Amino acid sequence: MFELNQYPLPYKKNALEPYISEKTMTFHYEKHMAGYIENLNNAIQGTEFVNMSLKQIIIKSSHSKDTKYIFNNSAQVFNHNFFFNCMKVGVPQNLPKKLFNAFASIDDFKTQFRAVANTVFGSGWVWLVTEAREYKIVKTANGDTPIAHNQTPLLCLDLWEHAYYLDYQNRRGEYIDTFLNHLINWEFVENCL
Ligand code: FE
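The following paragraphs examine the structure supplied in this document. (Residues numbered from 1 in each chain as written. Predicted model: local features only at pLDDT ≥ 70, side-chain atom pairs only at ≥ 80, totals over all residues. Heavy atoms only, no water.)

**Concerning the pairing of strand β3 (residues 152-158)**
- Counting buried positions over the seven residues of β3 gives six, a clear majority of the element.
- Note that strand β1 (residues 124-131) and β3 share six bridges and pair antiparallel. Pairing of L128 across the sheet is with L155, part of β3. (Buried < 20%, exposed > 50% of the residue type's maximum accessible area, 1.4 Å probe, protein only. Helix = DSSP H or I, 4+ residues; strand = E, 2+ residues; numbered from the N terminus. Pairing = 2+ DSSP bridges.)

**A short note on the coordination of the iron ion**
- For the iron ion, the protein coordination sphere consists of H28 (NE2), H80 (NE2), D158 (OD) and H162 (NE2), at 1.9 to 2.1 Å.
- Around the iron ion sit four donor atoms; with metal-centred angles ranging over 88 to 127°, the donor geometry is tetrahedral.
- Counting the intervening residues between successive donors of the iron ion yields the motif H-x51-H-x77-D-x3-H. Residue H28 is found in helix α1 (residues 22-44), and its partner D158 is found in strand β3; the two are separated by 130 residues along the sequence. Considered together, H28 and D158 belong to a single accessibility category, that of buried residues. (Donors = N, O, S within 2.8 Å, 3.2 Å for Na, K, Ca; no water. Tetrahedral: all angles 85-135°; square planar, octahedral: opposite > 155°, others 65-115°.)

**So, the pairing of strand β2 (residues 134-141)**
- The pairing of β1 with β2 spans eight bridges and is classified as antiparallel. Considered in β2, the bridge of W125 is made with T140.
- Counted along the chain from β1 to the antiparallel partner β2, the turn is two residues long, and its residue A132 has a positive phi close to 50°.

Remember that the coordinates give geometry; whether it matters functionally is a separate question.
Structure (structure tokens):
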């Protein structure tokens, strides 16, 4: 069984203000994240998944349509925990040296990330990943996650409306730009490289 405190927020709920409000963080973490954990616990009871790690559940459940509900909820637990760790206010906004080959500059990275984000229709995620030693910006729909596709995540942005609607309403582009300009924890990204 999984518990919310296994996936602590790495900062206080008001730590991302003024970019993301305490109210948004409270709902996102205590309601949405907690909800995925509760759904997952209920769904795996009495199944072969019950003693697996979160990543094992994600990979195994991704192989069959019959376990889509378990996949969606386990992947969303992983995605959200990863996303919350991708953000921090006050970190120098410099592109890590290891990414210099993949992107001409931090502005080039932002342009490419924003372009992919703008193609997400409905709920989904944008990611910087490595796949076969290449850096890529990819999107996943709904609860899907790169770790089910042999990709290693380095950074992600939650583009479900619940992630930004209280603060930005329909201004999704402003939320994307705020993330790109103020919220990326490049130290976390570097540790993932
Ligand atoms: Fe979310």
